[in-house]
Amino acid sequence: MPWPTEIEATSGRFPITPAFRFVWANYHDERLEAATDRALRKWEARTGLQFSRSAAEPGTSISLLIDVGGAGSKIEQPEEDESYVLDVVPTGVRLRAPTVPGAMHGLETLLQLLDGDGEGYFIPAVHIRDQPRFPWRGLLIDVSRHWQPTAVIERNLDAMATVKLNVLHLHLSDDQGFRLESRRHPELQEKGADGRYFTQREMKDLIAYAFARGIRVVPEFDVPGHATSWLASHPELASLPGTYPTERRWGIFDPVLNPTDDRTYALLDDVFGEFAAVFPDPRFHIGGDENNGVQWKENPAIQAFIQEKNLHDNAGLHAFFNRRLSAILAKYGKRMIGWDEIFHPDLPSTTVIQSWRGAEALAETAKAGFSGLLSNGYYIDLIEPAAMHYRNDPVPANTTLTAEQQRRILGGEATMWSEWVSPENIDSRIWPRTAAIAERLWSPRTVVDIPDMYRRLADIGQRLEEAGSLHEKNYLAMLSRLGGDHLDAAQRSALRTFVELVEPVKEYRREDLQPNYDERTPLTGLADCARPDSSDARYFAAQIEALVFAAKSDAIDPMPELDRQLERWIAAARCVAEELPARSPRLRDAAPVAQQLLTAATIGRDALEAWRTGQGQYGGWRTTRLEKLALAAKDGPAAVEIPIIAALRLLVCAASVQPQRATLADAAWRQLVSTLAEPAKP
Ligand code: ACM
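Described below are features of the structure shown in this document.

Cut-offs used in this document
In every chain, residue numbers begin from 1 and rise along the written sequence. Where totals are concerned, whole chains, interfaces and linings use all residues; where local detail is concerned, this predicted model gives features only for residues with pLDDT of at least 70, and gives and counts side-chain atom pairs only at 80 or more. Side-chain figures throughout are based on the complete set of non-hydrogen atoms in the structure, without hydrogens or water. As used in this record, nonpolar core signifies buried Ala, Val, Leu, Ile, Met, Phe, Trp, Tyr and Cys residues forming a set joined through side-chain atoms within 4.5 Å. Relative accessible area decides the class of each residue, using a 1.4 Å probe on protein chains only: under 20% of the type maximum gives buried, over 50% gives exposed, and in between gives partly exposed. Contact criterion: two residues are considered in contact whenever any of their non-hydrogen atoms come within 4.5 Å of each other. We define a salt bridge as a side-chain nitrogen of Lys or Arg found within 4 Å of a carboxyl oxygen belonging to Asp or Glu. Numbered from the N terminus, helices here are DSSP runs of H or I no shorter than four residues, and strands are runs of E no shorter than two. Note: the arc covers the axis-to-C-beta directions of the helix. Centres within 6.5 Å are what make two rings of Phe, Tyr or Trp a pair, Trp counting through its six-membered ring; a difference in plane orientation under 30 degrees is then read as stacked, over 60 as edge-to-face, and the rest as tilted. Two conditions define a charge sitting above a ring: the NZ of Lys or the CZ of Arg must be within 6 Å of the ring centre, and it must be within 35 degrees of the ring normal. The convention used is that axes are lines fitted to C-alpha atoms, helices contributing only their stretch in contact, and that angles between N-to-C directions extend from 0 to 180 degrees. For this classification, under 35 degrees means roughly parallel, over 145 means roughly antiparallel, 65 to 115 means roughly perpendicular, and everything else is oblique. By definition, any crossing whose near helix is turned counterclockwise from its far helix by less than a right angle is left-handed, and any crossing with a clockwise turn is right-handed. By the convention adopted, Pro, Cys, Tyr, Trp, Phe, Met, Ile, Leu, Val and Ala count as nonpolar, Lys, Arg, Asp and Glu as charged, and the other residues, Gly among them, as polar. By the counting rule applied here, Lys and Arg register as positive and Asp and Glu as negative, while His and the ends of each chain are not counted.

1. Thoughts on the nonpolar core
Part 1: Among the nonpolar cores identified, the biggest contains 94 residues, and M203, V223, W230, F272 and M453 are the most heavily contacted of them.
Part 2: The residues touching F272, leaving out its near neighbours within four places in the chain, are F221, V223, W230, F284, I286, L325, L329 and Y332.
Part 3: Formed by 69 residues, the second largest nonpolar core is a distinct cluster that contains L513, I603, L629 and C653.

Right under this line is the structure:
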């Protein structure tokens, strides 16, 4: 994962033995040497074998030939050739790539191919020819809302390389924090960061770390809105008089830079000029989103400026600001990127628009001659399932764009906004779901099989942990802390069973359910520990669908596994609801959720029993159970939801009308049950 462009299994295997030798042919440099060493260390850890690092002696057999054309560009570009060709035959492996980044991608693929059986470790014979579909495959990490230190960024860079992502977009300033040291204007981080920011030295090291893994670093400083952290030290640049301490909560705030004041541009020129030298990447992101215009409307001098300059309205003023910003950036050799809202025909055509509003906005961008990136549909902070992101194609098959316009869609970025993530749980919000997005951006458009994606996502989860991601390790540590010191092994196991069955609430729901938060609220509760896209729930839903929608010709017995599953969930829910709150105070708000799970799973057990009788049930039986399930589905202060409930609705409805199964065609039966099971519109 991501699935290669062309892959052909051939016959045989190449065994991995202690005699393994590699050589570099044609070109190699420090970057390739380090990447090769990282790959070999992973193989060594898995196999327990120790591989020679000295090149094969002439005349001896070579296990792995890494044949590379050249370094690739000094500063990686979207134009970089990232392709590679991998041939595994029973006598050895040959990796060919025109550039070092291509070779590094090939090494990642090779790492995923290692397999083992009774005969030992081996690589199956295969021919792979691979290259990315899109040149810009990114992950945004917001270090402003919740500060994310260097260690978090480094391990996520390693994970990104595993799935061939090539752009790290750092959201470095927002209302809540200004996260990079300015030497010209140290007041920015002194008043705007609570001491939590990257020094320039640290940032340069991070950029080098990323480059070593074939990843570009694109900085974002969000202006003119989302800029309270600038105003903390420069209140004179706000559009209304006042003092502007950094925000501690989330949302869209009124403070905005004053685009009619030359001092605003003087500061931006100083700071962007300084930062332009820190980041080698030619792109520089200025945000530009969600300026609500309130302060501009309320300031008569700003409205007069709009009249005087013939800018029409706030949008015209925003465009005026962006044109000046674009000119400042151009002076420092940078091309501007911003969110949808900066889109304006007067901007230089080199501007890149990043769409958080949708594929249509993105298509408009491309039609107007701008390059664009898709982030709408890749908002991993919204806790949606990987399948939803996977279906989201930057250039879908039914696109109305011409071939030339399609080429302007450079790719996309997953966005890890950090309102509700700490350095401890950020990995479990990013991974493994972002691997599905990485595949959408790398692999051919025709690679769309969702069950197959999920099967491979489970495997890549392990590879990501091997690379350094802590999505599994930190989850287990958080679970352990949540349970506290007084649980026995059975209770720990019940707690885990329960937590595996709940997901954090989606979209921005949490702000309503836990309204007393601020930036310092400990993110260590049930909703922080629970992970998106519960695989237990997904597996259960697949089994229930297989049961109730089995073709008439091969109607299947309710699987004993389903009974066992529901019994196990009932016991776990009972334990969490009744025993654990007395042992772990942190779990008190989990008890009502466990009670809801208990209700739901018990209804599931009864419905399975009813299905088994095959007799159907009267309408009141169904209605009562659907009502109870609706109550069990209600979220509360714990800010989690129980994803098995949709499948339980299906089971209840199917059981209630089961005698009709015999009289209906497969499609009509599916239609009947699905319609009955649809939740009532609120
Ligand atoms: C955004 O989500 N406002 C870019």
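2. What about the pattern of salt bridges?
Part 1: Scanning the model with the defined rule gives 49 salt bridges in all.
Part 2: Among the ionic pairs, E424 bridges to R481, the shortest N-O distance being 2.7 Å. Within this pair, whereas E424 is found in the loop between β16 (409–416) and α14 (426–430), its partner R481 is found in helix α17 (residues 473–483), the two being separated by 57 residues in sequence.
Part 3: Under the relative-accessibility criterion, E424 is labelled partly exposed at 23%.
Part 4: Classification of R481 as partly exposed rests on a relative accessible area of 43%.
Part 5: The network of salt bridges with shared partners includes D37, R41, E44 and R53.

3. Things to note about helix α11 (residues 359–367)
Part 1: Listed as buried for α11 are L362, A363, T365 and A366. The buried residues of α11 occupy one face: seen down the axis, they fall within an arc of 155°.
Part 2: Residues of α11 that are buried make contact with β14 (352–355), β15 (371–374), α13 (403–407) and β16.

4. Regarding the packing of aromatic side chains
Part 1: Evaluation of the coordinates by the stated rule reveals 21 aromatic pairs.
Part 2: Taken together, a centroid distance of 5.7 Å and an interplanar angle of 85° make the contact between F343 and F370 edge-to-face. Taken as a pair, F343 in the loop between β13 (335–339) and β14 and F370 in the loop between α11 and β15 lie far apart in primary sequence, 27 residues in all.
Part 3: Overall, F343 belongs to the partly exposed group, its relative accessible area being 31%.
Part 4: Taken together, the ring pairs in this structure connect F178, F221, W230, F272, F275 and F284 into an aromatic cluster.
Part 5: Stacked on the ring of Y265, the Lys or Arg R324 has its end atom at 3.7 Å from the ring centre.

5. Focus on the packing of α17 against helix α18 (residues 489–500)
Part 1: Orientation of α17 relative to α18, taken along the N-to-C sense of each, is 120°, at an axis distance of 10 Å. Judged by the inter-axis angle, α17 sits oblique to α18. The two elements α17 and α18 meet at a crossing, and its hand is right-handed. Where α17 approaches α18, its residues Y475, L476, L479, S480 and G483 are matched on the opposing element by R492, L495, R496, V499 and E500.
Part 2: The residue makeup of the contact of α17 with α18, split by class, is 5 nonpolar, 2 polar and 3 charged.

6. What to know about unusual backbone geometry
Part 1: The omega torsion of the bond from M1 to P2 falls at 0°, within 30 degrees of zero and hence cis.
Part 2: Within the secondary structure, P2 is located in the segment before β1 (6–15).
Part 3: Here the residue pair V223 and P224 is connected by a cis peptide bond, since its omega of 5° sits within 30 degrees of zero.
Part 4: One can find P224 in the loop between β11 (216–221) and α6 (228–231).
Part 5: Not every positive phi belongs to a glycine, and H226 is a case in point at roughly 50°.
Part 6: Looking at the secondary structure, you find H226 in the loop between β11 and α6.
Part 7: With a phi close to 50°, E290 is a non-glycine residue in the positive phi region.
Part 8: Here E290 is to be found in the loop between β12 (283–285) and α8 (294–298).
Part 9: For E290, a relative accessible area of 24% puts it in the partly exposed group.

7. Observations concerning the side chain of D222
Part 1: Counting through the fold element by element, D222 comes out in the loop between β11 and α6.
Part 2: Buried charge D222 goes without a salt bridge, the closest partner of opposite sign being R145 at 6.4 Å.
Part 3: If we ignore the near neighbours within four places in the chain, the residues touching D222 are H171, S173, D174, A227, W230, I286, G287, G288 and D289.

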